[in-house]
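Coordinates in review
Next come the chains, spelled out residue by residue.
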Amino acid sequence: MEETAMEPESVDMSGRGPYIGVSDAWETVTAALVSPGGPTSEQGLSNSLVLLCCQGLSPLLGSWLLETLQMRLSSSVVPEFWSGLEQPENELEERGRAWVLLTAFRTLLDRLEPFLSGLQQLGMWQEERRGGLCGPGARALKERAFTTIRALLLFSPAPILQERVHEFYSRSFSVYMNREGSGSSGGGGEDVEGAEPPDVPEGGACSGCGVPTQQCWCQEALEQLQELSCTLSKLQLLEWVSSEAITSILHKLIEQRMEQLCRGEYERSFLLEFQKWLELVLGWLSKVFTGEKDRDVDPVPETPSIPGVQAGQPISPVLKQWRCHLHQFFCRIYVNMRIEELFSIIRDFPESKPAIEDLKFCLERTNQRQQLLTSLKSAFESRLLHPGVHTSDILFVYISAIKALRELDPSMVILQVACEPIRKYLRTREDTVRQIVAGLTGDAEGCTDLASELSRGDPVTLEMQDSDEEATDPEDWTPDPTDAVNGKLGSKRRSSDIISLLVSIYGSKDIFIDGYRGVLADRLLQQLNYNTAREIRNVELLKLRFGEAHMNYCEVMLKDMVDSRRINSYIREEESKLGVEEQPPLPLSAIILSSEFWPTLKEEKLELPPIVCQAMEAYTHRYEKLKAMRTLSWKPHLGSVVLDVELEDQTLTDLSVTPIQAAIILHFQDQSCWSLEELSVKLGAPKELVHRKLALWQQLGVLREEAAGCYRVMERGSSKEKVERGVMLIDSDEERDSNTATQSEQREEKLQLFWVYIQAMLTNLDNMTLERIHAMLRMFVSSGPVVPEIDINELEAFLQKKVREHQLILSSGAFRLPKRN
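What counts and how
Residues numbered from 1 in each chain as written. Predicted model: local features only at pLDDT ≥ 70, side-chain atom pairs only at ≥ 80, totals over all residues. Heavy atoms only, no water. Pairing = 2+ DSSP bridges. Helix = DSSP H or I, 4+ residues; strand = E, 2+ residues; numbered from the N terminus. Buried < 20%, exposed > 50% of the residue type's maximum accessible area, 1.4 Å probe, protein only. Axes fitted to C-alpha atoms, helices over the stretch in contact; angles between N-to-C directions. Left-handed = near helix turned anticlockwise from the far one by under 90°. Contact = heavy atoms within 4.5 Å. Expected span 1.5 Å × (residues − 1). Core = buried A, V, L, I, M, F, W, Y, C linked by side-chain atoms within 4.5 Å. Salt bridge = Lys/Arg side-chain N within 4 Å of Asp/Glu carboxyl O.

Another point: the pairing of strand E6 (residues 703-706). Across four bridges, E6 lies against strand E7 (residues 710-713) in antiparallel orientation. Residue pairing for E7: Glu-706 is matched across the bridge by Cys-710. In this structure, the hairpin formed by E6 and E7 is closed by a connection of three residues, where Ala-708 is found at a positive phi of approximately 65°.

With that settled, the discussion passes to the pairing of E7. Here E7 shows a buried face lined by Tyr-711 and Val-713 and an unburied face lined by Cys-710 and Arg-712. Bridge count for strand E5 (residues 673-675) against E7 is three bridges, and the pairing is antiparallel. Following the sheet pairing, Trp-674 is matched in E7 by Tyr-711.

A few words on the packing of helix H10 (residues 271-288) against helix H11 (residues 317-340). Following both chains from N to C, one finds H10 and H11 inclined at 145°, their axes separated by 10 Å at the closest point. At the point where H10 passes H11, the crossing takes the right-handed sense. Residues Leu-271, Phe-274, Gln-275, Leu-278, Glu-279, Val-281, Leu-282, Leu-285 and Ser-286 of H10 form the contact with H11, whose own contacting residues are Leu-319, Trp-322, Arg-323, Leu-326, His-327 and Phe-330.

Topologically, Leu-51 is positioned in helix H3 (residues 42-54). The sequence separation of Leu-51 and Gly-21 amounts to 30 residues, and the corresponding C-alpha distance is 8.2 Å.

Between the first and last C-alpha of helix H15 (residues 391-408) there are 25 Å, a value that for 18 residues agrees with the 26 Å anticipated at 1.5 Å per step. Taken across its 18 residues, H15 has 13 buried, putting it largely inside the fold.

Residues Phe-105, Tyr-169, Trp-284, Leu-285 and Phe-380 are the most contacted members of the largest nonpolar core, which totals 159 residues. Here the element with the most residues in this core is helix H5 (residues 94-128); it accounts for 13 residues. Every residue in contact with Tyr-169, bar those within four places of it in the chain, is listed here: Leu-225, Leu-228, Leu-232, Leu-238, Ser-242, Ile-246, Ile-249, Trp-284 and Val-288. If you look at the next biggest cluster of nonpolar residues, it comprises 30 residues, including Val-645, Leu-676, Leu-683 and Val-690.

Attention now moves to the sheet that holds strand E9 (residues 809-811). Spatial ordering of the open sheet is given by E8-E10-E9, a layout of three strands whose pairing is antiparallel. What marks the edges here is a single partner per strand, and that holds for strand E8 (767-769) and E9. The average undirected angle you get between the axes of adjacent strands in this sheet is 35°. In this sheet, strand E10 (residues 814-816) lies alongside E8 in antiparallel orientation, the contact comprising three bridges. Looking at E10, one finds that Asn-767 is bridged to Arg-816.

Right, let's get into the pattern of salt bridges. Using the criterion set out here, one finds 26 salt bridges in the structure. A salt bridge links Glu-167 to Arg-97; the shortest N-O distance between them is 2.6 Å. Of this pair, Glu-167 sits in helix H7 (residues 159-183) while Arg-97 sits in helix H5, placing them 70 residues apart in sequence. Glu-167 gets classed as partly exposed once you look at its relative accessible area, which sits at 22%. Residue classification places Arg-97 among the buried positions, given a relative accessible area of 13%. Linking Arg-263 and Glu-341 is a salt bridge whose minimum nitrogen-to-oxygen distance equals 3.7 Å.

Shown next as structure tokens:
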């Protein structure tokens, strides 16, 4: 009924037929869309819509309007925008360029406003189904329009747009931060439109806009920022135009601020300070995206953040994305910078603990563990692991790395992977064990970490040992990070104890016990008062660490010192009862060693003067009377001699020298001039050694070297000559060389013990593989300080050496003895 009533009305309205009526209806509707507020009545508009719907033309309205928009954009709007933007840059100052940018977008909005209003009106008619009109609605129509605008305007933008936008936002950021920073110490985004500019010295430049204070345009810049944000938001171009420039500005500022504040500064945390600064930056971003605030405003979720920073305030999704982006970028840049400085941070630990804690926080939020591992390993290899670095310095950095990296990564995976080159390199150093032991006993200069760790008394656990605790709690198992080394132990079985990690470099406690026995022997043999209180304490602490069974030999060494003191007291008491003629020519004290329990001592040939030999024979005779069935085998090159040297013009008293130095000066008592060759023959020692030991007496002004390698006693000499000699000559014995053989010498000697067993096995079994030899040695040869446990790699190197010396033959992977003719 409604359609029949409308048809005659349409015919009456036109008076010229239905097709003429459709044309008029189309003009009426399109005019109402493009130019609202015209003379058309609401009733006439409704009738026109009904007619177009009846003719099936209503879907064409949206397409026509969008096509008209596209044509208008292409023909005039877009060219006008770019021509307005590309004004001569050299004719404008920054303030003028900002006005040109704002005017260009303002003009663009004015040109597009009729079409956007028409699409909005058409969408509302569709949603209201006015006149039977149907369609996607205002939102969908405007989305299609904005897509068209972006496609035509930004498909191939001129570089000048980003240059102007970058300059505009840089200046607005400077103005905002200058004003906001002057009013608070780092607060959030307070409204600053009515704020007074900060005090600037008269005649100076404004720190916000960079021009003289009389021409300051900070307030104008903030107003332009707000207007531009609203304009771009209405065109839905805000993120498309602004994001690249804002990202570039903020990234550069974060990097610059981090370089200024954090580079080389490890002793304080910067996270909270940067978090407050980033919240201030978000205040500026809220001004930039002011048009986006009205869309889906939600409270900030309580994500893990830095303590002390409030959250939960309403914020738009756009700002939430920017906050996450800035935090992520800050963490990534901070991690990059600290990775470059990680070697120095480790070296300065624990003073650098705040930097480690900040790095841990940021590393958990980025995927940069592999980058850290690669960089740290490279830094260790280039700056630490080369012959120019002393072993004690390498150990110092390694101990600091253990402390710092277990703070950074409790799973110890970073420590395990990054420090593996250090562990491998330390195995190649001859003095590694001795340096570690010196640190344990407090003898290493400037290294008290190991001594304090030893005093804790925790038992040493090597990484290859099983952990009962982990086996009893399978439900608490957690997987290692993906960068963990395959085949290594889990985090619960991975020791974080410093001493255990040092011991695990070699994988055996026996090596360290042997090293400690060498250090203990040196300390005991260099003492003259038999005071062993410090050594007893160290041995007791080491027993807690390594077990009593491993320290039995050290206890025997300490007992030898106690027995030696008692025997010396007894012999001196016996000597005091003798007459003057029966007294020994020299007072003599001895340290009596149980040779099977002490490490191998250095062997040097030395023939002492007869007077000393007589004193030693007398001491041996009295010892044999005290200890039946036992005798003494003297080490004449070891020990210390205290003597006085009397010259015509001076007397040197209480000189503590080595036996060979004492023997040299005693020979000059009988003869005032000796050649180097004569002294070498008399002492039974190499000329090089004698020449080196003579340096002490030359330095003290007792002897003088003359022509042809002869040395003469200086009974008289000026103090000037003595001072000059003291400056020129250096006594190498002041360094107190070790009395025991080096680690490699001791190891080589002990490996010879296995050679006897290997020869016997190959004689009986003809040929054997490396694995079988190693298995039988472990089965039949008891290990201990005298007969050490041998590693299969060490055994292979030893057998290969015998092959090169033609004492073994290797054929088809089996070793055999060569046939004798």
